[in-house]
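Residue-level listing of the chains:
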Amino acid sequence: MAVLNKEYSISELDRTFNIYERISGSDPLSKSQKTEQVYLRALLYKILIDFHCINTRQVADYFSYKGKVINRVSVLHAVRKINIYYKNFYDFRYVYNIYFDDKLEEFKEIEE
């Protein structure tokens with residue numbers, strides 16, 4: 001099991017994680033590779049990175065701490081696909097727009 005760097009608060013990450021689970025209705029620790037699970041997990045990675053100012057390695061360490069072993073490259077790859085997920089999946093857009101407002105104008109025509 002990975003040991004987390006004490007530069008950030010595990011309890012704060014846990015709080016964000018738990019709130020995200022309730023909002024998205026997904027289980028980020030699931031081993032499922034269903035599309036919905038994959039894109040919602042990617043969104044959680046982005047939320048942890050942006051809201052807690054941690055890097056991809058720290059996200060991977062946090063998930064290892066929670067019991068799901070991933071590597072930083074997997075996190076990076078998932079986060080790079082955020083725009084694709086936003087354009088193609090309504091459920092993703094719905095949850096994304098709860099946390100971020102940077103794409104509302106850019107993709108307004110998608111919702112219409």
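1. Points about the nonpolar core
It is characteristic of soluble globular proteins that their nonpolar side chains tend to be buried jointly.
Part 1 of the reasoning: If you look at the biggest cluster of nonpolar residues, it comprises 30 residues, and the most contacted ones within it are Y20, L43, L48, V59, F63 and F92.
Part 2 of the reasoning: Elements with a contribution of two residues or more to this core: α1 (10-24), α2 (35-52), α3 (56-66), α4 (72-80), α5 (82-88) and α6 (90-99).
Part 3 of the reasoning: A total of nine residues in this core trace back to one element, the largest contributor, which is α2.

2. Thoughts on the packing of α1 against α2
Part 1 of the reasoning: For the pair α1 and α2, interaxial distance at closest approach is 11 Å and the crossing angle is 145 degrees. When you trace α1 past α2, the crossing you get is right-handed. Across the interface between the two elements, E12, L13, T16, F17, Y20 and S24 of α1 pack against L40, R41, L43, L44, I47, L48 and H52 of α2.
Part 2 of the reasoning: Broken down by class, the residue content of the contact of α1 with α2 amounts to eight nonpolar, three polar and two charged.

3. Details of the packing of aromatic side chains
Ring pairs (aromatic) are described by centroid distance and by the angle formed between their planes.
Part 1 of the reasoning: If you walk through the whole model with that rule in mind, you get 16 aromatic pairs.
Part 2 of the reasoning: The interplanar angle of 45 degrees and the centroid separation of 6.0 Å between the aromatic rings of Y39 and Y85 together place this pair among those described as tilted. With Y39 in helix α2 and Y85 in helix α5, the pair connects residues that are 46 residues apart, well separated along the chain. The two residues Y39 and Y85 agree in class, both being buried.
Part 3 of the reasoning: Taking 6.1 Å as the distance between ring centres and 90 degrees as the angle between the ring planes, the aromatic pair formed by Y62 and F63 counts as edge-to-face. Across this residue pair, the class does not change: Y62 and F63 are buried.
Part 4 of the reasoning: Through a chain of ring-to-ring contacts, the aromatic side chains of Y20, Y39, F51, Y85, Y86, F89, F92, Y96, Y99 and F100 assemble into a single cluster.
Part 5 of the reasoning: In this structure, K46 is placed above the aromatic ring of F100, and the distance from its NZ or CZ to the ring centre is 4.8 Å.
Part 6 of the reasoning: For the cation-ring pair, K66 lies above F17, with the distance from its terminal atom to the ring centre recorded as 4.5 Å.

4. Section: the pattern of salt bridges
Part 1 of the reasoning: Under the definition given, this model contains three salt bridges.
Part 2 of the reasoning: As a salt-bridge pair, D14 and K66 come within 3.6 Å of each other at their nearest N and O atoms. Here D14 is found in helix α1, whereas its partner K66 is found in helix α3, with 52 residues between them in sequence.
Part 3 of the reasoning: Relative accessible area serves as the criterion here: at 19%, D14 is assigned to the buried category.
Part 4 of the reasoning: Note that D50 is salt-bridged to K46, the shortest N-O span being 2.7 Å. Here D50 pairs with K46, and both are found in helix α2, just four residues apart, close to one helical turn.

What counts and what doesn't
Residues numbered from 1 in each chain as written. Predicted model: local features only at pLDDT ≥ 70, side-chain atom pairs only at ≥ 80, totals over all residues. Heavy atoms only, no water. Core = buried A, V, L, I, M, F, W, Y, C linked by side-chain atoms within 4.5 Å. Buried < 20%, exposed > 50% of the residue type's maximum accessible area, 1.4 Å probe, protein only. Helix = DSSP H or I, 4+ residues; strand = E, 2+ residues; numbered from the N terminus. Axes fitted to C-alpha atoms, helices over the stretch in contact; angles between N-to-C directions. Left-handed = near helix turned anticlockwise from the far one by under 90°. Contact = heavy atoms within 4.5 Å. Nonpolar A, V, L, I, M, F, W, Y, C, P; charged D, E, K, R; others polar. Phe/Tyr/Trp six-rings, centres within 6.5 Å; stacked < 30°, edge-to-face > 60°. Lys NZ or Arg CZ within 6 Å of the ring centre and 35° of its normal. Salt bridge = Lys/Arg side-chain N within 4 Å of Asp/Glu carboxyl O.

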